[in-house]
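# Breakdown of the fold
Read off the chains here:
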Amino acid sequence: MQWIPPINPKRFHLEELLAARDISLDWLNSNDLDPHSPANIARHSITKAAEIIPFHYRDAVTDSPEVLSWLAELVAQARDDQAGRGAPTATVTHGRSLLLLGPTGTGKTHQAYGAIRELAITGVAATWVVTTAADMYAALRPRHGIDSEAEFRRYRNASILLLDDLGAERKPTEFTEEVNFRLINWRYENQLPTLITSNLVPKEISARLGDRVTSRLIEMCQRVVFKGPDRRRGEAA
Ligand SMILES: Nc1ncnc2c1ncn2[C@@H]1O[C@H](COP(=O)(O)OP(=O)(O)O)[C@@H](O)[C@H]1O
Ligand SMILES: [Mg+2]
């Protein structure tokens, strides 16, 4: 871990988030010159998060109790693991997954990017890979000069994965079904934490994703259902 100089909270849209979690800027920017300190890891994670979070969600703050408790569990597990191994840093490697369900515009993606920022400020290290399901299928389509399996392993092995909009494609194909199964099965078997969003309603999941994927999702994920109007239309009105 490299040492990260003090960061400007405005540049990373941190003021609301730090205030909400009662984390002081003095702590975050503590100048202890220790690259393994939680504060340094937090600064590192905040800069990495800003690279992977789309502009629209740059200041997202999670307000879902279920998302917050899922993150707290991952953090506690990482710290226990660190204590058990006498490791220099606490790192998220294993844990439960979370499935955010709800119609379009109910704030699932907002919560998901908020979760990345939330985990960043804890000072527990986590290396996110972030994708929409549609972008992942496109990246995995066999084509000249691309090692699709190597690309697949990047998603499959991510220490923590955000898979946004699973099941949103109009027509599942054999290809998307196979990718879904291989990805979910691997992450299930290895207990790799995965944050999944989907606009399917619970009843549609097994028809859409198949029994084998659904059964694993049920076991590995806590489910949160978001309700309410489409916030995007609300904004337009
Ligand atoms: N808690 C929130 N606070 C402020 N804006 C929000 C919140 N949740 C969602 N939004 C906004 O509402 C819109 C829809 O949210 P989004 O997370 O993209 O929905 P979904 O992923 O469920 O389709 C976006 O413009 C988003 O920025
Ligand atoms: Mg979304």
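Report on the accompanying structure. Along every chain, residues carry numbers that run from 1 in the direction the sequence is written. Naming scheme: in the order in which they are written, chains are lettered from A and ligands are numbered from 1. Totals for whole chains, interfaces and linings use all residues, but because this is a predicted model, local features are given only for residues with pLDDT of at least 70 and pairs of side-chain atoms are given and counted only at 80 or more. Derived side-chain values reflect all non-hydrogen atoms in the structure, with water molecules and hydrogen atoms excluded from consideration.

### Some words on the pattern of salt bridges
Note the threshold: Salt bridges, as used here, are contacts in which a Lys or Arg side-chain nitrogen is within 4 Å of a carboxyl oxygen on Asp or Glu. Each residue gets one of three labels from its accessible area relative to the maximum for its type: buried under 20%, exposed over 50%, partly exposed in between, using a 1.4 Å probe on protein chains only. Numbering of helices and strands runs from the N terminus, with a helix taken as a DSSP run of H or I at least four residues long and a strand as a DSSP run of E at least two residues long.
Evaluated as defined, the whole model comprises 8 salt bridges. A salt bridge links Lys-10 to Glu-15; the nearest nitrogen and oxygen atoms lie 3.4 Å apart. Overall, Lys-10 belongs to the exposed group, its relative accessible area being 57%. You can call Glu-15 partly exposed: its relative accessible area is 44%. Across the pair Glu-151 and Arg-154 runs a salt bridge, and its minimum N-O distance is 3.9 Å. With Glu-151 and Arg-154 both in helix 7 (residues 148-156), this residue pair falls 3 residues apart, about one helical turn. Arg-154 sits in the partly exposed class, given a relative accessible area of 42%.

### Section: the packing of aromatic side chains
This is how it is decided: Aromatic pairing here means that ring centres of Phe, Tyr or Trp (its six-membered ring) are within 6.5 Å. Orientation follows from the plane angle: under 30 degrees is stacked, over 60 is edge-to-face, and everything else is tilted. We call a charge positioned above a ring when the Lys NZ or Arg CZ atom is no farther than 6 Å from the ring centre and deviates by at most 35 degrees from the ring normal.
Enumeration over the complete set of coordinates arrives at 1 aromatic pair. Taken together, a centroid distance of 5.4 Å and an interplanar angle of 25° make the contact between Tyr-57 and Tyr-113 stacked. Taken together, the residues Tyr-57 in the loop between helix 3 (38-52) and helix 4 (65-85) and Tyr-113 in helix 5 (residues 108-120) connect sequence positions 56 residues apart. As far as burial versus exposure is concerned, Tyr-57 and Tyr-113 are alike and both buried. A cation over a ring is seen here: Arg-154 above Tyr-155, with NZ or CZ 4.9 Å from the ring centre.

### Comments concerning the site of ligand 1
Stated precisely, the cut-off is as follows: If even one non-hydrogen atom of a residue comes within 4 Å of a molecule or strand, that residue is called near it. Any N or O atom pair separated by 3.5 Å or less is treated as a polar contact, with the protein-specific requirement of one donor-capable and one acceptor-capable atom, and with residues adjacent in sequence counted only for side-chain atom pairs. Per-residue and other accessible areas were derived by the Shrake-Rupley procedure at a 1.4 Å probe size, with only the shown protein chains allowed to occlude residues. Throughout this entry, Asp, Glu, Lys and Arg are counted as charged residues, while Ala, Val, Leu, Ile, Met, Phe, Trp, Tyr, Cys and Pro are counted as nonpolar. The remaining residues, Gly among them, count as polar.
The immediate surroundings of ligand 1 are formed by 14 residues, with Tyr-57, Gly-105, Lys-108, Thr-109 and Arg-232 found nearest. Between Tyr-57 and ligand 1, the recorded distance is 2.5 Å, taken from a side-chain N or O atom to an oxygen atom. At 2.8 Å, a side-chain N or O of Thr-109 approaches an oxygen atom of ligand 1. Protein chains shield 83% of the accessible area of ligand 1, which is 550 Å² for the free molecule. Broken down by secondary-structure element, the contributors of at least two residues to the shell around ligand 1 are helix 5 and helix 11 (231-236). Tallied by class, residues from the shell around ligand 1 come to 2 nonpolar, 7 polar and 5 charged.

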